Amino acid sequence: QNNAKVAVLGASGGIGQPLSLLLKNSPLVSRLNLYDIAHTPGVAADLSHIETRAHVKGFLGPEQLPESLKGCDVVVIPAGVPRKPGMTRDDLFNTNASIVASLTSACAKHCPEAMICIISNPVNSTIPITSEIFKKHGVYNPNRIFGVTTLDIVRANTFVAELKVVSCFLQGLDPARVSVPVIGGHAGKTIIPLISQCTPKVDFPQDQLEKLTGRIQEAGTEVVKAKAGAGSATLSMAYAGARFVFSLVDAMNGKEGVIECSFVRSEETESPYFSTPLLLGKNGIEKNLGIGKISPFEEKMIAEAMSELKASIKKGEEFAKNFK
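Residues numbered from 1 in each chain as written. Predicted model: local features only at pLDDT ≥ 70, side-chain atom pairs only at ≥ 80, totals over all residues. Heavy atoms only, no water.

Moving on, we come to the pairing of strand 3 (residues 55-60). Sheet analysis places strand 2 (residues 29-36) next to strand 3, joined by 6 bridges and oriented parallel. Pairing of Leu32 across the sheet is with Val56, part of strand 3. Once the chain exits strand 2 it traverses helix 2 (residues 40-48) before rejoining the sheet at strand 3, and the crossover so formed is right-handed. (Pairing = 2+ DSSP bridges. Helix = DSSP H or I, 4+ residues; strand = E, 2+ residues; numbered from the N terminus. Right-handed = clockwise from strand over helix to strand, strands pointing away.)

Before going further, it helps to spend a moment on the packing of helix 4 (residues 93-110) against helix 10 (residues 296-322). Axis separation between helix 4 and helix 10 bottoms out at 11 Å; the angle between their running directions is 55°. When the axes of helix 4 and helix 10 are compared, the pair comes out oblique. In terms of crossing hand, the pair formed by helix 4 and helix 10 is right-handed. Touching Phe93, Ala97, Ser98 and Ala101 of helix 4 are Lys315, Gly316 and Phe319, all from helix 10. Broken down by class, the residue content of the contact of helix 4 with helix 10 amounts to 4 nonpolar, 2 polar and 1 charged. (Axes fitted to C-alpha atoms, helices over the stretch in contact; angles between N-to-C directions. Parallel < 35°, antiparallel > 145°, perpendicular 65-115°, else oblique. Left-handed = near helix turned anticlockwise from the far one by under 90°. Contact = heavy atoms within 4.5 Å. Nonpolar A, V, L, I, M, F, W, Y, C, P; charged D, E, K, R; others polar.)

For the rest of this paragraph, the subject is the packing of aromatic side chains. Applying the stated rule across the entire model yields 4 aromatic pairs. A connected cluster of aromatic rings, assembled from ring pairs, spans Phe93, Phe319 and Phe323. Directly above the ring of Tyr140 sits Lys135, whose terminal nitrogen or CZ lies 5.2 Å from the centroid. The cationic tip of Arg215 hangs over the ring face of Phe159; the distance from NZ or CZ to the ring centre is 3.7 Å. (Phe/Tyr/Trp six-rings, centres within 6.5 Å; stacked < 30°, edge-to-face > 60°. Lys NZ or Arg CZ within 6 Å of the ring centre and 35° of its normal.)

The next subject is the UniProt feature "active site" (unreviewed entry) in the protein chain. According to UniProt, the positions carrying the feature "active site" (unreviewed entry) are His186. Tracing the sequence through the fold places His186 in the loop between strand 7 (182-184) and strand 8 (191-193). With relative accessibility at 3%, the residue His186 sits in the buried group. His186 has contacts with Arg89, Asn121, Val123, Asn124, Val148, Thr149, Asp152 and Ile191, leaving out every residue within four places of it along the chain. (UniProt positions renumbered as here; feature names shortened; annotations may be inferred. Buried < 20%, exposed > 50% of the residue type's maximum accessible area, 1.4 Å probe, protein only.)

Turning our eyes to something else, we now look at unusual backbone geometry. Note that the residue after Asn121, namely Pro122, is joined by a cis bond; omega there is -5°. Cis rather than trans, the peptide bond between Thr199 and Pro200 has omega equal to -10°. You can see Pro200 is positioned in the loop between strand 8 and helix 7 (206-217). In this model, His39 sits at a positive phi of 70°, which is unusual for a non-glycine residue. Along the polypeptide, His39 turns up in the loop between strand 2 and helix 2. Backbone geometry at Ala228 places phi at a positive 45°, although glycine is not the residue there. Within the secondary structure layout, Ala228 lies in the loop between helix 8 (219-226) and helix 9 (235-252). A residue is classified by how much of its surface remains accessible, and Ala228, at 62% relative accessible area, is exposed.

Here it is in C-alpha cells:
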C-alpha cells in the first residue's frame, strides 16, 4: 500500500526543496502537500512536472495551512532559519521555537494521528515543544513524534568509511554498508556516535577515535563554515530526512525489522528525551531498542551530555507552556 500522503512544512526553503524532490521521486508517496509562507506555488508547479506518481500541491500562507494537513499520514517540518557562522543550534531557538509551535499546533488540530518528523533546529528543544503542544490539544502520542537526527548517522557512516579507505585502501569500506548508531541528542557534545557498535566492526586508536567523534559532533559547523554565511547543511539534511521518512513509511506499510535512531520521548536514561535505535512499526515506535553494550569512552560521553540535554529540553517545555 504505497499510498502515503506526506506534507512538507517549510517546503520552499534550503532543506524543503531538495527534500520535496526526493519525496516526489519515491514510489512510496502518492500525495505530496507543500506548505510555506512564500514561493510554494512555484516549487509545486516545478515538481509536478516530474514523471512520478506523487500528486503535488502547493499551499501558501497560514490560511492554507489547515488544508495542507488534512488526511496526511506523515508531516515533515524543516521550516525555520538556518545557522550562520558563529551561531550554535541553540541560537536559532527564539525564531524556530515559535515557528515549530505554530506549525505543530496546526498538526494537532488537523492531522492529530499523523507521524510528525521534526527537522527544525534546535531538535533538542523543538521535540519537547511539539510534545507539549500536542498535550495541550489532548492528542499526544509519544510514539508518533520524531526528532530527525538521521544526518548524524549518515555523517558517522561516511566518516568511518572514509577513514577506513585511507588507512587500508585494499579493504575500503562502502559508506552505504556502514552502520553506526548515534544516540543522545542533536547538537555538539549531545551527539554520541557508538562506534563500538558499528557494523561492520571497526577499530581505531583512541586519539583517532576522539578526533573522529569530534568531527561527527561538529560536522554541521563544518558545513556552516564552508558555506561562509550562505546557510547550513541543506542537501545532506534533505537526504537524511528523506531516508527517515522512507523508513517510517516502509514500517507503516508493514515491513518488518525497520530500525532508525531518532530523538524521542524516552525512559532509557535520566533524560526525558533521548535518541536511541527504534524499531518502527505501523503505529510509529514499536519498541525502543535502548543503548545496548557500550565502551567506557561512550559511557563518559553520555554522562557529559546529560546537563546540556536536560537544559535544552526544559527550555523547550517552558517555551511551549507559555506559547499562546
